[in-house]
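Report on the structure
Now for the letters of each chain:
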Amino acid sequence: MSSKIDKIISGLDTRGFSQALASASATAHVSAFTVDHPPSTRVVYPHSVGFSDFLGNTATVTHLREGVRAGRLPHSLILAGPAGAGKYTLALMLSKVANCLQPEESNGLPDFCGRCSNCVRIGAAVNLEELVAEAVAAREDMRDTDKRETRIIVQTHPDVIVIPPDPPQLMIKLGQVKQAIHAAYYRPPVEAKRAFTIFTSSAFMKEAANSLLKLLEEPPEHTSLVLLTENPQELLPTIRSRAVVHRLGPLPAIQVDALLAKRRPELKPRDRALAARLAEGAVGRALTIDLDKYLTSRRDALVILRGAIQERDFTQLFQATETYRAGADGQEKTLSLLRALSSLLEDLLLTVAGTPALIRNLDLEAELGKLSAGLSVEWIDAAVRAATQVEQGMRRNLLRSLSLDAMALSLDRG
Ligand SMILES: [Zn+2]
């Protein structure tokens, strides 16, 4: 993608802010502008020109479009759903339909053209991970003093602000919320009818959440705030109660499978079925899942499970964790291993419960059947908890391999 980055360093004027914000320090932000090219081809909806490309969750999408038609899109909206369910795609589509310069209709409801200058610029924000990486790289080039004060914001349209969790902590920070507040109260939309601020995560630093609450208490007239979350419970109850919550549910595996047949024709039917099950109804995940990587992690996860259940022998596990210890990508590999292990454990649970038809690792049905013989639900439960603990431990930066070894030992107690 040939995008250019404009670094915008703007001291944020705190005059006129409400009391709660007055004491907060001034800040600056990086904006990644990608206005000089057509809408990028996001893997999720490569030919996105309208709502017909949004798969599933028809009732929710219809409801929101009816709101647009009636001119009553909520000031504060929470879109909840698993990763890959289409929350960000839908947030961008709403920003487009509210601001399209050549609005269209489909199924009797408002739709967007995908071609006008507003649609094109909003659509340019579609490859979020890439834009965030560019903005982070731009920040890295700054002087240390500026770097500390600089928050990541993606803005491909002047009136549509996307606020991602700020690395390395991957939390939304006070400086970012202050940018949203500044825009909402002091910079009415110039080229849009309705401004949008999209928070792509519900992981807020405490002060950031409190500031957001102030914004929700006095919603600005021309702005819609959209909060994306995998788990609404992560948000302050006071934030939740001031927003309209919409959930994006998972799609049935058979529907995801049919989609994969069209969009990822290179997958063999067996791999497609596996990808559809692993995606747990999330379209984005199904389309982007790296099956080779998953199968590699799953092979190691099976070694752990076999060792724990059948052989009472951890030699192979220690060898595996030893290789994970080395290398910069150790953390990612370990997380991938844990996810594979969790999916196997959940399948074991389904097998023990007598519902093997629901397992995700379809190709391992026979092996899972053997492994589950004599296992109790309690043992599997304990193993799932151990896996969760390792993951939490990694977040707290414990030694990865140490906690993996500890987990293997705790499995042994079963
Ligand atoms: Zn348009």
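Residues numbered from 1 in each chain as written. Predicted model: local features only at pLDDT ≥ 70, side-chain atom pairs only at ≥ 80, totals over all residues.

1. What to know about the overall build of the protein chain
On a plain count of helices and strands, the protein chain comes out with 18 helices and nine strands. Looking at the protein chain as a whole, 41% of its 414 residues qualify as buried. Contacts spanning at least 24 positions in sequence make up 70% of the contacts within the protein chain whose residues lie at least 6 apart. (Helix = DSSP H or I, 4+ residues; strand = E, 2+ residues; numbered from the N terminus. Buried ≥ 20, exposed ≤ 12 C-beta atoms within 10 Å, placed from the backbone. Contact = placed C-beta atoms within 7 Å.)

2. Things to note about the environment of glycine 108
Note on placement: glycine 108 falls in the loop between β3 (104-106) and β4 (109-111). Residue glycine 108 is classed as exposed on the basis of its C-beta count, with 9 C-beta atoms lying within 10 Å. For the pair glycine 108 and arginine 65, spaced 43 residues apart in sequence, the C-alpha to C-alpha distance is 9.9 Å.

3. Details of the nonpolar core
Core analysis: the largest hydrophobic core is formed by 73 residues, its most contacted members being Leu79, Ala91, Ala125, Val226 and Ala286. No other element matches the eight residues that helix α3 (residues 87-99) contributes to this core. In this structure valine 226 touches Leu77, Leu79, Ala91, Phe196 and Ile198, once residues within four positions along its chain are discounted. Of all hydrophobic cores here, the second largest spans 21 residues; its members include Leu341, Leu344, Leu348 and Leu371. (Core = buried A, V, L, I, M, F, W, Y, C linked by C-beta atoms within 7 Å.)

4. Details of the packing of helix α2 (residues 58-69) against α3
Each pair of packed helices gets described by two things: the angle between the helix axes and the distance between those axes. Orientation of α2 relative to α3, taken along the N-to-C sense of each, is 25°, at an axis distance of 10 Å. Our classification of the angle between α2 and α3 gives roughly parallel. In this structure, the crossing between α2 and α3 has a hand that is right-handed. Each of Val61, Leu64, Arg65 and Val68 in α2 lies in contact with α3, whose residues at this interface are Leu90, Leu94, Val97 and Ala98. Taken together, the residues of the contact of α2 with α3 sort by class into seven nonpolar, no polar and one charged. (Axes fitted to C-alpha atoms, helices over the stretch in contact; angles between N-to-C directions. Parallel < 35°, antiparallel > 145°, perpendicular 65-115°, else oblique. Left-handed = near helix turned anticlockwise from the far one by under 90°. Nonpolar A, V, L, I, M, F, W, Y, C, P; charged D, E, K, R; others polar.)

5. As for the pairing of strand β2 (residues 76-80)
Most of β2 sits inside the fold, with five of its five residues counted as buried. Here β2 shows a buried face lined by Ser76, Ile78 and Ala80 and a second buried face lined by Leu77 and Leu79. Sheet topology note: the β2/strand β8 (residues 223-229) ladder contains five bridges and is parallel. Along β8, the bridge assignment pairs alanine 80 with threonine 229. Direction of pairing for β2 relative to strand β9 (residues 244-247): parallel, over a ladder of four bridges. Note that in β9 the partner of leucine 79 across the bridge is histidine 246. (Pairing = 2+ DSSP bridges.)

6. What about the environment of glycine 374?
Mapped onto the fold, glycine 374 is located in the loop between α16 (365-372) and α17 (377-395). Placed 65 residues apart in sequence, glycine 374 and isoleucine 309 show a C-alpha to C-alpha distance of 9.5 Å.

7. Some remarks on helix α11 (residues 269-278)
Among all positions in α11, only Arg272, Leu274, Ala275, Ala276, Arg277 and Leu278 are buried. Buried residues in α11 make contact with α10 (253-263), α12 (283-288), α13 (291-311) and α15 (330-352). Of the residues flanking the end of α11, it is glutamate 280, one or two places downstream, whose phi is positive at about 50°.

8. A short note on the packing of α15 against α16
The geometry of α15 relative to α16 is characterised by a closest axis approach of 9 Å and an angle of 75° between their N-to-C directions. Here α16 runs roughly perpendicular to α15, going by the angle between their axes. Here Asp347, Leu348, Thr351 and Val352 of α15 lie close against α16, whose contacting residues are Leu368, Gly369, Leu371 and Ser372. Looking at the contact of α15 with α16 residue by residue, the class counts come to four nonpolar, three polar and one charged.

9. Quick word on the environment of valine 226
Considering the arrangement of structural elements, one finds valine 226 in strand β8. Judged by the 25 C-beta atoms lying within 10 Å of it, valine 226 falls in the buried class. Along the chain, valine 226 and isoleucine 198 lie 28 residues apart, while their C-alpha atoms are 4.7 Å from each other.

10. Digging into the confidence of the model for the protein chain
Low pLDDT means the predicted coordinates in that region are not meant to be read closely. Summing up the model confidence of the protein chain, the mean pLDDT is 81 and the portion of residues at 70 or higher is 79%. Throughout residues 1-47 the model reports pLDDT below 50, and contacts reaching past four residues in sequence, or to other chains, amount to 96 contacts. (pLDDT = per-residue confidence, 0-100.)

11. Focus on unusual backbone geometry
Omega for the peptide link from proline 167 to proline 168 comes to 5°, which places this bond in the cis form. With respect to the helices and strands, the residue proline 168 is situated in the loop between β6 (160-163) and α7 (174-186). In the Ramachandran plot, leucine 170 falls in the positive-phi region, its phi being about 55° despite a non-glycine side chain. Considering the arrangement of structural elements, one finds leucine 170 in the loop between β6 and α7. Taking the C-beta count within 10 Å as the criterion, leucine 170 has 10 such neighbours and is therefore assigned exposed. The backbone of glutamate 280 sits at a positive phi, close to 50°, despite the residue not being glycine. Within the fold, glutamate 280 resides in the loop between α11 and α12. Residue classification places glutamate 280 among the partly exposed residues on the basis of 18 C-beta atoms within 10 Å.

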